[in-house]
Amino acid sequence: MLKKLFHRNSDKEHEENNVVKEQCVPDDDLVYINVSGTIFITTYSCLNSYPNTLLGNEERRRQYYSEKLNAYFFNRHRPCFDSILHYYQTGKEAPPLNVDPDVYAKEKEFFGIKKEREVTVFIPEGEGSDGINCINSCRMKVHNFLQDPRSSSLAAVWHGFDIVFICISIGFLIFESEPQFKTQFSDKKAEYYVPLFIVNCIIMGFFTTDFLIRLVTWPSLLDFWKNLFNVLDILSILPFYVNLMVGGGDEDDKQHYVVLRVCRIFRIVRIFKFVRHSRDLLIIMKAVSNAKRELILLVCLLFIFVITFGSIMFYIEGSANQDFNSIMKSCWWVIVTITTVGYGDMCPSSAGGKLFGGFVLTLGIVFLALPMTIIVSKFSFVYEREKM
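Please read all numbers here as calculations on a predicted model, not as lab measurements.

Criteria and cut-off values
- Think of each chain on its own: its residues are numbered from 1, step by step along the sequence as written.
- With the structure being a predicted model, the display of local features is reserved for residues of pLDDT at least 70 and the display and counting of side-chain atom pairs for 80 or more, all residues being used for whole-chain, interface and lining totals.
- By convention in this description, side-chain values take in all heavy atoms of the structure and omit both hydrogens and water.
- Under the scheme used here, helices are H or I runs from DSSP no shorter than 4 residues and strands are E runs no shorter than 2 residues, and both carry numbers assigned from the N terminus.
- Burial here depends on accessible area, computed with a 1.4 Å probe over protein chains only, as a share of the maximum for the residue type. Under 20% is buried, over 50% is exposed, and the range in between is partly exposed.
- We call two residues in contact when some of their heavy atoms are within 4.5 Å.
- Per-residue and other accessible areas were derived by the Shrake-Rupley procedure at a 1.4 Å probe size, with only the shown protein chains allowed to occlude residues.
- A helix is expected to span 1.5 Å for every residue after the first.
- Take the seven residues that end at a residue and the seven that start at it, fit an axis to each, and the angle between those axes is the bend at that residue.
- In the analysis that follows, any N or O atom pair within 3.5 Å is treated as a polar contact, provided that within protein one partner can donate a hydrogen and the other can accept it, and provided that, for residues neighboring in sequence, both atoms belong to side chains.
- Two strands qualify as a pair provided that DSSP identifies no fewer than 2 bridges between them.
- When a carboxyl oxygen of Asp or Glu lies within 4 Å of a side-chain nitrogen of Lys or Arg, that pair is called a salt bridge.
- The predictor reports its confidence for every residue as pLDDT, a score running from 0 up to 100.
- What counts as an axis is a line fitted to C-alpha atoms, over the stretch in contact for a helix, and the angles between N-to-C directions run from 0 to 180 degrees.
- Angles below 35 degrees are treated as roughly parallel, those above 145 as roughly antiparallel, those between 65 and 115 as roughly perpendicular, and all remaining angles as oblique.
- In this scheme the handedness of a crossing depends on how the near helix is turned from the far one: anticlockwise by less than a right angle means left-handed, clockwise means right-handed.
- Within this scheme, the nonpolar core is defined by two criteria: the residues are buried Ala, Val, Leu, Ile, Met, Phe, Trp, Tyr or Cys, and they are joined through side-chain atoms within 4.5 Å.

Asks: Describe the overall build of the chain, naming the residues involved and giving the relevant values.
Replies: A tally of regular secondary structure across the chain gives 16 helices and four strands. Per-residue burial for the chain yields a buried fraction of 33% across its 388 residues. Looking at the chain alone, contacts between residues at least 24 apart form 58% of all its contacts between residues at least 6 apart. A total accessible area of about 24,800 Å² is found for the chain, and carbon and sulfur atoms account for 63% of it.

Rendered as structure tokens:
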């Protein structure tokens, strides 16, 4: 009986071990790559999927093997190799934001990764395949032309025009709100209406052309709409065409008043197009994104603080002071007080209210200082790391 039970248990253990072995990667398929002291582990089967590249070709990578390290050693740029390895694993490129495009391009050239492989297209062998490959190659060249101003001198000129047109467009938005210039932008009989309208059409035509080319040459349509800057582009372009369809910019037309006002609000989005042209602004956005948990915590604590002390101040001052006749107004006073803005539009009048107001002010300074130090330190760490 004991022997049968022992054999059953051993059989179960043997089956479980076989399952684990099947799920694990074979030891002989593992490959260790040392890039300037950092170890990366992947599989030969993953690398061999791209035989035309350095790591995918056994003969070419063999010359970089170090018996002392028992790994392939490359004295190359470490941050770039994360993207290089990602290409071998997924077949798609993910260029690092914190690396100079020229440095990344040299690393890709060293490892034999071509830009044309960014778009994976499955086509049957036969007649017409060369033409399709040529089209895909041209698409990627145009895509890189729009994305990277350093790809060519013509690309730098295109991006320069983009920046100039953004500045002019924002200038129009500002001057259009001035009473002395407002009629020049809205009244068709005004002296400078036609020249200003023509310049605006040229600018919007450039923005529209840039957007459409990006849409056509983007590797994936789904990824295109996932990109925040592409969404901002369409939001900055649409108001111009909506304004044309409703018949101009006369806000006295009550039928189209709401549409025109919404269009004017969305035109503010154009200023965010500057972010695409600044590497430092992109790094700042990424640093803020990495500190989002701390920012959410700060907002939650601020919400609790404002509601709690706003309600207390309402019950202390509400009966005697009309400025605090609602909890909403009291919460406004708390926000203005703890941020040390102090508009002076409302203040407590009773002794109890003044005493509690001083307590709120003192506690608010401490409340904001504690989480802000954590956020600033993490932001600085991420910002410096991304700039390296």
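Asks: An account of helix H11 (residues 228–245) is needed here, citing residue identities and associated values.
Replies: Because each turn of an α-helix spans 3.6 residues, side chains separated by three or four positions end up pointing in the same direction. Spanning 18 residues, H11 covers 26 Å between terminal C-alpha atoms, matching the ideal 26 Å at 1.5 Å per step. At Leu238, H11 shows its largest bend, some 25°, and a proline, Pro239, comes one to four positions later. The set of residues buried in H11 consists of Phe229, Asn230, Leu232, Asp233, Ser236, Ile237, Pro239 and Phe240. Structurally, the start of H11 carries an N-cap: the backbone nitrogen of Phe229 is 2.9 Å from a side-chain oxygen of Asn227.

Asks: Account for the pairing of strand S4 (residues 71–74), with residues named and values stated.
Replies: The side chains of a regular strand alternate, first on one face of the sheet and then on the other. Inspection of the sheet shows strand S1 (residues 30–35) paired to S4 by three bridges, in the parallel sense. Considered in S4, the bridge of Val35 is made with Phe74. Direction of pairing for strand S3 (residues 65–66) relative to S4: antiparallel, over a ladder of two bridges. Note on S4: the bridge partner recorded for Tyr65 is Tyr72. Counted along the chain from S3 to the antiparallel partner S4, the turn is four residues long, and its residue Asn70 has a positive phi close to 55°.

Asks: Please provide a residue-by-residue account of the pattern of salt bridges, values included.
Replies: Scanning the entire structure with this criterion turns up five salt bridges. Arg62 serves as the salt-bridge partner of Glu58, at 3.5 Å between the closest nitrogen and oxygen. Of the two residues, Glu58 and Arg62 are both situated in helix H3 (residues 58–62); the distance of four residues between them amounts to about one turn of the helix. Given the relative accessible area of 49%, Glu58 is considered partly exposed. A salt bridge links Arg214 to Asp210; its shortest N-O distance comes to 2.8 Å. In this pair, Arg214 and Asp210 are both assigned in helix H9 (residues 193–217), four residues apart and thus about one turn of the helix distant. Relative accessible area serves as the criterion here: at 3%, Asp210 is assigned to the buried category. Taken together, the shared-partner salt bridges connect Asp233, Lys273 and Arg276 into one network.

Asks: Outline helix H15 (residues 327–338), supporting the account with residue identities and numerical values.
Replies: Taking 1.5 Å of rise per residue, 12 residues should cover 16 Å, and H15 covers 16 Å from first to last C-alpha, within 8% of that figure. Taken residue by residue, H15 has Ser330, Cys331, Trp333, Val334, Val336, Thr337 and Ile338 as its buried positions. One or two steps after H15, the chain reaches Thr340, where phi turns positive at roughly 55°.

Asks: Give a detailed account of the confidence of the model for the chain, specifying residues and quantitative values.
Replies: In this model, the chain carries an average pLDDT of 79, and 83% of its residues clear a pLDDT of 70 or more. Taken together, the stretch residues 1–23 has pLDDT below 50 and engages in zero contacts with residues farther than four places along the chain or on a different chain.

Asks: So what's going on with unusual backbone geometry? Residues and values would help.
Replies: Of note, the phi angle at Ser36 is positive, near 55°, even though the residue is not glycine. Tracing the backbone through its elements, the reader meets Ser36 in the loop between S1 and strand S2 (38–43). With a relative accessible area of 25%, Ser36 lands in the partly exposed category. Although it is not a glycine, Asn70 sits at a positive phi angle of roughly 55°. With respect to the secondary-structure elements, Asn70 resides in the loop between S3 and S4.

Asks: Hey, could you go over the environment of His143 for me, with residue numbers and the actual values?
Replies: Here His143 shows up in helix H6 (residues 129–147). Residues in contact with His143, not counting those within four places in the same chain, are Thr217, Trp218 and Pro219.

Asks: Lay out the packing of helix H14 (residues 292–317) against H15 in plain terms, naming residues and giving numbers.
Replies: The geometry of H14 relative to H15 is characterised by a closest axis approach of 8 Å and an angle of 120° between their N-to-C directions. By the angle between their axes, H14 is oblique relative to H15. Judged by the sense of rotation from one axis to the other, the crossing of H14 with H15 is right-handed. Counted together, Leu302, Phe305, Val306, Ile307, Phe309, Gly310, Ser311, Met313 and Phe314 of H14 and Ile327, Ser330, Cys331, Trp333, Val334, Ile335 and Ile338 of H15 form the full contact between these two elements.

Asks: Can you tell me about the nonpolar core, naming the residues and giving the values?
Replies: With 21 residues, the main nonpolar core has Ile33, Leu55, Phe74, Phe81, Ile84, Tyr88 and Phe111 as its most contacted residues. At the level of elements, S1, helix H2 (44–47), S4, helix H4 (78–90) and helix H5 (101–111) are the ones that each hand at least two residues to this core. Counting 13 residues, the second-largest nonpolar core is a separate cluster that includes Phe309, Cys331, Trp333 and Phe367.

Asks: Run through the side chain of Glu176, naming residues and quoting values.
Replies: Inspection of the secondary structure assignment puts Glu176 in the loop between helix H7 (153–175) and helix H8 (179–186). Given the relative accessible area of 15%, Glu176 is considered buried. Once residues within four sequence positions are removed from consideration, Glu176 is found in contact with Lys182, Phe185, Arg264 and Arg267.

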